[in-house]
Amino acid sequence: MILSAMARISGVIGWPVTHSRSPRLHGYWLQKYGIDGAYIAMPVRPVDLPTAIRALPALGFRGANVTVPHKEAALALCDEVDEMARRIGAVNTLVVRNDGRLVGANSDAYGFLENLRQASDWRAAAGPAVILGAGGAARAVGIALLDAGVPALKIVNRTAERAQTLARNLGRRATAVAWEKRSAALDEASLLVNTTSLGMTGQPALEIDLQKLPAAATVNDIVYSPLQTPLLAAARARGNAVVDGIGMLLHQARPGFEAWYGRRPEVDEALRRFVLGDTP
C-alpha cells in the first residue's frame, strides 16, 4: 500500500526491538482494513527514551507501543496516565492527542484476560489462581485476575521478598508462597500462569511437579517462544486445558490500534498464523 501525506503513523519503542512481532501484527491489520497508515520498529536506547517519547507529537506520530526495557520509565514521561497503567506501574501504549499531549495506558491485563477467555473455558469463580513470577507481567496478570473475581491468588517467585511485595500490593486476596513450595501450591488451583522466563527459548527449564494440579485446571504460559513450552506440554499430556502466550500479544495490541487508526481489530486464527509466521 502506498502511503499518503495524511497517513497515520505509530510504532513500537524498545531496546532491542528487532525481535518484536508487533510490526507484523499491526501491518496485517492495516492491510486487512485498508487503512492509510504504517507501524514501525523504533530501537531506542534507555538513555534516549525521554527524547524519543517527547518527539512523537512533533514527528506526527499517533502513538506507540512501549516494550522492554522501557515500560516503567515511560510512565513518568506521559502528560496523563490512565488508571490501569498507574495500578500496574508501567505503560505499554502511548496515544498522542490532537493537542499534542501524551497519554499513557497499559493493555497487558486486558490482553491476558481476553486471551484466556477466548482460548479456554476458564471461569474466575472456579477457584484460586497461581502465578509463577513477581515482575511487571505478574503484576498485570494478578490485577487482571483479581478484577475478574478470582477468590484467591498465590504468588510464587524465586526471590521471596519480591513475591511478598507483590502480594502485599495486590491486596488481601493475594498471598506469597515460597519457591520451594511451588508444586504444593497447585492444590485446588483452577489456573496456573507462568510469567517467568523459565522454559523460554534459551532459558533454563521450569521445574515443577503438576501432580497436585486438579484435572479441571487451566495452564497458561505467557511466553510464545517456544509456542508450546515444556510446562504446556506437560499439562497437556496429563489432560489439562492449556493456553499459549501468543494470544496475549494479539489482544493487548487491539486498544492501541483502535486509538491510532480508528478501527477495532479482530483476533482470529488467520491473524495468529500470520503473526507466528505460518503464512507469508
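Note that the structure is predicted; figures quoted are calculated from it, not measured. (Residues numbered from 1 in each chain as written. Predicted model: local features only at pLDDT ≥ 70, side-chain atom pairs only at ≥ 80, totals over all residues. Heavy atoms only, no water.)

Asker: Give a description of the nonpolar core that names residues and reports values.
Answerer: Among the nonpolar cores identified, the biggest contains 31 residues, and F112, W122, L145, L153, I155 and L170 are the most heavily contacted of them. Apart from residues lying up to four places away in sequence, W122 is in contact with L113, L116, L145, A148, V150, S190, L191 and T218. (Core = buried A, V, L, I, M, F, W, Y, C linked by side-chain atoms within 4.5 Å. Buried < 20%, exposed > 50% of the residue type's maximum accessible area, 1.4 Å probe, protein only. Contact = heavy atoms within 4.5 Å.)

Asker: Provide a residue-level description of the side chain of N65, including the pertinent values.
Answerer: Along the polypeptide, N65 turns up in strand β3 (residues 61–66). The residues touching N65, leaving out its near neighbours within four places in the chain, are G11, V12, I13, H26, Y39, N92, T93, Q252 and W260. (Helix = DSSP H or I, 4+ residues; strand = E, 2+ residues; numbered from the N terminus.)

Asker: Explain the packing of aromatic side chains to me, and be specific about the residues and the numbers.
Answerer: Each aromatic ring pair is described using two quantities: the centre-to-centre distance and the angle formed by the ring planes. Going through the model one piece at a time under the given rule, you end up with six aromatic pairs. Taking the centre distance of 5.0 Å and the plane angle of 45° together, the rings of Y28 and F274 count as tilted. Here Y28 is found in helix α1 (residues 22–32), whereas its partner F274 is found in helix α11 (residues 269–276), with 246 residues between them in sequence. You'll find Y28 and F274 in the same group, each marked buried. Note on Y33 and F257: the rings are 6.5 Å apart at their centroids and 55° apart in plane angle, and the pair reads as tilted. Taken together, the residues span a long stretch of sequence, with Y33 in the loop between α1 and β2 (37–43) and F257 in helix α10 (residues 254–261) at a distance of 224 residues. Of the two residues, Y33 and F257, neither departs from the other in class, the shared state being buried. Three or more aromatic residues joined by ring pairs form one cluster here, namely W29, Y33, Y39, F257, W260 and Y261. The aromatic ring of F274 is capped on one face by R24, whose charged end is 3.9 Å from the ring centroid. Taking the ring centre of W179 as reference, the NZ or CZ of R158 above it sits at 6.0 Å. (Phe/Tyr/Trp six-rings, centres within 6.5 Å; stacked < 30°, edge-to-face > 60°. Lys NZ or Arg CZ within 6 Å of the ring centre and 35° of its normal.)

Asker: Report on the pattern of salt bridges, specifying residues and quantitative values.
Answerer: Considering all chains together, one arrives at nine salt bridges under this definition. Among the salt bridges present, the one from R97 reaches E80, with a minimum N-O distance of 2.8 Å. Of this pair, R97 sits in the loop between β5 (93–96) and β6 (102–105) while E80 sits in strand β4 (residues 80–81), and the two are 17 residues apart along the sequence. Residue classification places R97 among the partly exposed positions, given a relative accessible area of 40%. Given the relative accessible area of 26%, E80 is considered partly exposed. Connected via shared salt-bridge partners are E80, R97 and R101. (Salt bridge = Lys/Arg side-chain N within 4 Å of Asp/Glu carboxyl O.)

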